[in-house]
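# Chain and residue survey
These are the residues of each chain, in order.
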Amino acid sequence: MPASINEVVDLLDLEPLEVGLFRGRQPVNSRLKRVFGGQVAAQATMAAQLTVPDDRRIHSLHAYFILGGDPSIPIVYDVENVRDGRSFTTRRVAARQHGEIIFYMTASFQRDEEGWEHQDAMPDIGSPEDATSMTDLIHLIDEGSVEMWHAEWGGYDMRYVSGGRADDDPSPERVPAIQRMWFKAAGELPDDPRIHNAAFTYYSDFSLLGASLVPHGMIINSPQVSPASLDHTVWFHRPFRTDEWLLYDQTSPWAGSSRGFSTAKVYRQDGTLVASVAQEGLIRPRR
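Residues numbered from 1 in each chain as written. Predicted model: local features only at pLDDT ≥ 70, side-chain atom pairs only at ≥ 80, totals over all residues. Heavy atoms only, no water.

All right, on to the pattern of salt bridges then. All told, the structure shown has 16 salt bridges when counted by the stated rule. Between aspartate 78 and arginine 96 there is a salt bridge whose closest N-O contact spans 3.2 Å. Here aspartate 78 is found in strand S4 (residues 75-84), whereas its partner arginine 96 is found in strand S5 (residues 88-97), with 18 residues between them in sequence. Relative accessible area serves as the criterion here: at 31%, aspartate 78 is assigned to the partly exposed category. One continuous salt-bridge network, built from bridges that share partners, spans Asp55, Arg56 and Arg111. (Salt bridge = Lys/Arg side-chain N within 4 Å of Asp/Glu carboxyl O. Helix = DSSP H or I, 4+ residues; strand = E, 2+ residues; numbered from the N terminus. Buried < 20%, exposed > 50% of the residue type's maximum accessible area, 1.4 Å probe, protein only.)

Here is the structure:
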């Protein structure tokens, strides 16, 4: 993952090859052995957005991670125009490397409409300034990993709020795990809402699967865990900026068969619910 948000923006600047066909570059100095799943999802989101009219805003994406990506070569994104209706537009994106599909995504777009409104309230968990920076947390866990952390994840400012059981739930047995983080881009993004949607999608794959390991006292990068994202869904409820603080309120209602399932609500700092996310992934114990 890039060391700065400017590098993230560069990765979202896809090269058009043909109508509906784009090429996405890779981070220059990443030490990851596989392409970060959030990068593929973000570039696919950007590719889909580039093929729809400006009056259509993405409201959902549903993705499957099929094969691990090769970080040494570019990824080609093939966008299929599934439907162009009066209110909704649908696109299907296939990401390819070495002649194989490594990722599939369907995205739906809608013209703005008026209708009934309601939302869940944001939990009262304090401000980002009260939370623990991920840099400080990594320093406490493994001081030697701080430099690598900045090199791979420096594009986003992350603040850890809490983990463990849901102590704000009167029946904590109903919620096996909860994990909360404030995050934003570590720098100002262009005003283009497509970039904010894609930059959010980039980050959304970072910590969600880890929530499914909280009840088991494990962390996602433990040598005892073999993790991988399997599928990923984002619902975009309201416009937002990814360079302003967002609360990633994550829970994991279930894990089994070496898979973990996590969901999340995403709030602006003013309490507005702007997105929801769900993911199932591999959390296979290493034996």
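Further remarks concern the pairing of strand S11 (residues 246-256). Judged from the six bridges that link them, strand S9 (residues 178-185) and S11 form a sheet pairing that is antiparallel. Its bridge partner being in S11, methionine 181 is matched across the sheet by tyrosine 248. Of the strand pairs in this sheet, S11 and strand S12 (residues 259-268) are connected by nine bridges, and their pairing is antiparallel. What sits directly across from threonine 251, in S12, is threonine 263. (Pairing = 2+ DSSP bridges.)

Bringing the packing of helix H2 (residues 37-49) against helix H5 (residues 193-204) into the picture now. Here H2 crosses H5 at 160 degrees, and the two axes come no closer than 7 Å. With respect to each other, H2 and H5 are oriented roughly antiparallel. In terms of crossing hand, the pair formed by H2 and H5 is right-handed. Of the residues in H5, those touching H2 at Gly38, Gln39, Ala41, Ala42, Thr45, Met46 and Gln49 are Arg194, Ile195, Asn197, Ala198, Thr201 and Tyr202. Each residue belonging to the contact of H2 with H5 can be placed in one class, and the counts come to six nonpolar, six polar and one charged. (Axes fitted to C-alpha atoms, helices over the stretch in contact; angles between N-to-C directions. Parallel < 35°, antiparallel > 145°, perpendicular 65-115°, else oblique. Left-handed = near helix turned anticlockwise from the far one by under 90°. Contact = heavy atoms within 4.5 Å. Nonpolar A, V, L, I, M, F, W, Y, C, P; charged D, E, K, R; others polar.)

All right, on to the nonpolar core then. Tyr77, Phe103, Met105, Met158 and Phe200 are the most contacted members of the largest nonpolar core, which has 57 residues in total. Looking at this core element by element, the count peaks at seven residues for H2. Trp182, Trp245, Leu247 and Leu273 belong to the second-largest nonpolar core, a separate cluster that totals six residues. (Core = buried A, V, L, I, M, F, W, Y, C linked by side-chain atoms within 4.5 Å.)

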